[in-house]
Amino acid sequence: MRPLIHKYIPKTTKEIFGQDDVVKKLGKFIVNFSKEKKNSALIYGPSGTGKTCSVYAIADELGYEVIEVNASDMRNAEQINQKVGNAIKQQSLFAKGKIILVDEIDGLSGHEDRGGIQAITKLIEDSSFPLILTATNPFDNKFSSLRSKSNIMEFKQLDYLSIFKILKKICDYEKIKYDDGTLRALSRRCGGDARAAINDLQALTQEKKELTVESIEELADRNKTENIMTALNKVFKTTDLKIAISAFESVEEDLNEQLLWIDENLPKEYTKPEDLARAYEMLSKADVFSRRIKRWQHYRFLVYINALITAGIAAAKNEKYRNFVVYKPTGRILKLWWAKQKAAKKKAIAEKIALKTHSSKKEILKNTIPYLPVIFKSREMRSGIINEFEFDNEEIEWLKNQVK
Ligand SMILES: Nc1ncnc2c1ncn2[C@@H]1O[C@H](COP(=O)(O)OP(=O)(O)OP(=O)(O)O)[C@@H](O)[C@H]1O
Ligand SMILES: [Mg+2]
C-alpha cells in the first residue's frame, strides 16, 4: 500500500496546517529575492512539521522549479558547483525561476564536512537564485557562518489541532471510520510531528478501515517497547560513555523493568565471556543499590544505578559487537516479578485493612479482598475506602485494575 505521507503531501500552501506565518514569510523571501539582503533562508524546526513540503508547495504555486541538493552529498565546493551549476544552466521552458534547496544540513559534521559547509557558504554568497537550507537544529556552532548569512525562519512543533485537521482530512478521503475523541487522542500522541501521526494512522487502520480506542492503546505499548529497545541498543552498541549515559532518559519503564530488560538481553549481545562477566558485575551492583533504595529510600543512589547500567555496561566490552541482535522483552523473570509485585500489593492492602478492622491479615485476604473490587466500583464508596484505609497511589492503582 502506498504510504499516506506520500499520497497526502500538501500540493498548495492552503493544505499546510499550522505554519501560516512562516510559510508567508518564506513565500515573500522568494518573491522579493532581488531586494533581499541575504541570499538564503535557513528554515528550521522539528521533524515532520512541513519544512520540506512547504518549499515544494510554495515553489509550485509561484511557478518556480526546485533544484534539490542533498546536504550529505556536498563534500566539497567542486561537487556542489557541478551539481548546482549544471542545474542552473539548464533553462527550463516554463519555470519562472529556480530555487535551490539544500535539505537537512544537520547531517554535515563539523570535522569531516568542513569542505561541505564552506561550499554551501560560498554558494550563498554567489547565488543568483533564492537558496533555502533546512535543519532540525541549526544552532550548532558548526553552522554559525551559515546562520549569519541567512534569514532564519522557524517551523514550530505542530499543535494538536493542526495534526487533528490533517488526520481528519485523510480519514475522510480514505473513508476511514473514526470518532472525534479517538482521533484527537491520536493527534495528541505524536509530539507535534505530522509525519509520525500520519504513519501511525496508516499502521492502525491498515487492516480495517476504522480507528478504535483499543488500537491506540496498543500503539502506546508498542512505542514504549520501541523506546526501551532503542535505549538498549545505545548502551550495548556504543563504547562512547557520553552517548551511553543518557540512553534511558526518555524511557518510561521504571528502574526495575530496565534492569530486567538488560538482564534478559545482555547475554545475546555480549558473547565474549569476559565482557559478559564485567557487564553482569555492573548490573549486580546496580541491583544492590536498587535494593537499598527500596529499603532505606536512598533515592540519591539512582544516579549511581544509572551510571552503572549505562556507561558501566557500555564500557564492559572491549569492542563493539557488530552483529544484529533482536532484543526481547523479559519473559519468565518479568512475569514472576510482576506476579510477586501484585501479590505484594494485595498483601499490603490486606495489612492496612486488618489493622483498622482488628482482624487477621489471613482472614482479610480470604474473605475481604475478593469483594473489594466490587465495593471499589461504586464511586462514593471508593473515596470512603481510600480515606479510611489510607491506600497509597500504587494500591489504588492495583484496586482499579481489579475492577476492569
Ligand atoms: N504543516 C503540515 N501540514 C500538513 N501536512 C504536513 C505538515 N507537516 C508535515 N506534513 C505531512 O508530513 C509529511 C512530512 O513533512 P515534511 O517532509 O515537510 O517534514 P519536515 O519538516 O521536512 O521533516 P524532516 O525534518 O524530518 O525532514 C508530509 O508529506 C505531509 O504529509
Ligand atoms: Mg524535510
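Residues numbered from 1 in each chain as written. Chains lettered and ligands numbered in written order. Predicted model: local features only at pLDDT ≥ 70, side-chain atom pairs only at ≥ 80, totals over all residues.

> I keep staring at the nonpolar core and nothing clicks. Help me out?
Membership of the largest hydrophobic core comes to 40 residues, with the highest contact counts inside it found for Leu26, Ile43, Ile99, Ile100, Ile120, Ile132 and Leu133. With residues near it in sequence (within four places) discarded, Ile99 still touches Ile30, Val55, Ala59, Tyr64, Val66, Phe129, Pro130 and Ile132. (Core = buried A, V, L, I, M, F, W, Y, C linked by C-beta atoms within 7 Å. Buried ≥ 20, exposed ≤ 12 C-beta atoms within 10 Å, placed from the backbone. Contact = placed C-beta atoms within 7 Å.)

> I keep staring at the sheet that holds strand β4 (residues 131-135) and nothing clicks. Help me out?
Note: strands within a sheet are paired through backbone hydrogen bonds, in either parallel or antiparallel orientation. Judged by pairing direction, the sheet is parallel, and its five strands sit side by side in the order β2-β3-β4-β1-β5 without closing on themselves. With one partner strand each, in any of the chains shown, β2 (64-70) and β5 (150-154) form the two edges of the open sheet. Here the average twist between neighbouring strands, direction ignored, is 25°. Relative to β4, strand β1 (residues 40-44) runs parallel, the two sharing five bridges. In the strand pairing of β4, Leu42 is matched with Leu133. (Pairing = 2+ DSSP bridges. Helix = DSSP H or I, 4+ residues; strand = E, 2+ residues; numbered from the N terminus. Axes fitted to C-alpha atoms, helices over the stretch in contact; angles between N-to-C directions.)

> What is the right way to read the site of ligand 1 from this model?
The full set close to ligand 1 counts 22 residues, and Ser47, Gly50, Thr52, Cys53 and Ala194 are the nearest of them. Sorting the residues of the shell around ligand 1 by element identifies α3 (51-62) and α9 (194-205) as the ones contributing at least two each. The residue makeup of the shell around ligand 1, split by class, is eleven nonpolar, eight polar and three charged. Counting residues domain by domain, the shell around ligand 1 receives three or more from each of domain 1 (19-154) and domain 2 (160-223). (Near = placed C-beta within 6 Å. Nonpolar A, V, L, I, M, F, W, Y, C, P; charged D, E, K, R; others polar. Domains from an automatic or database assignment.)

> How should I be thinking about the packing of helix α2 (residues 20-31) against α3 in this particular structure?
For any two helices packed against each other, the geometry is given by the interaxial angle and the distance between the axes. Axis separation between α2 and α3 bottoms out at 10 Å; the angle between their running directions is 50°. Judged on the interaxial angle alone, α3 and α2 are oblique. Considering the relative orientation of α2 and α3, their crossing is right-handed. Across the interface between the two elements, Val23, Leu26, Gly27, Ile30 and Val31 of α2 pack against Ser54, Ile58 and Leu62 of α3. Looking at the contact of α2 with α3 residue by residue, the classes come out as six nonpolar, two polar and no charged. (Parallel < 35°, antiparallel > 145°, perpendicular 65-115°, else oblique. Left-handed = near helix turned anticlockwise from the far one by under 90°.)

> I keep staring at the packing of helix α7 (residues 160-174) against helix α8 (residues 180-189) and nothing clicks. Help me out?
For the pair α7 and α8, the least separation of the axes is 8 Å and the interaxial angle reads 125°. Considering the angle they form, α7 stands oblique to α8. By crossing handedness, the relation of α7 to α8 is classed as right-handed. Where α7 abuts α8, its residues Tyr160, Ile163, Phe164, Leu167, Lys168 and Cys171 lie against Leu183, Arg184, Leu186, Ser187 and Arg188.

> Got a minute to help me understand the domain arrangement of the chain in this structure?
For the chain, the assigned domains are domain 1 (19-154), domain 2 (160-223), domain 3 (226-330) and domain 4 (333-403). Between the C-alpha centres of domain 2 and domain 4 there is a distance of 37 Å.

> Please explain helix α12 (residues 255-269) as it appears in this structure.
Along an α-helix, a turn takes 3.6 residues, which lines up residues three or four apart on a common side. Under the 1.5 Å per step criterion, the end-to-end length of α12 is 21 Å for 15 residues, consistent within 8% with the ideal 21 Å. At Asp263, α12 shows its maximal kink, close to 25°; a proline, Pro267, follows between one and four residues later. Buried residues in α12 make contact with α10 (213-237), α13 (273-296) and α14 (301-315). (Expected span 1.5 Å × (residues − 1). Bend = angle between axes of the 7 residues up to and from the residue.)

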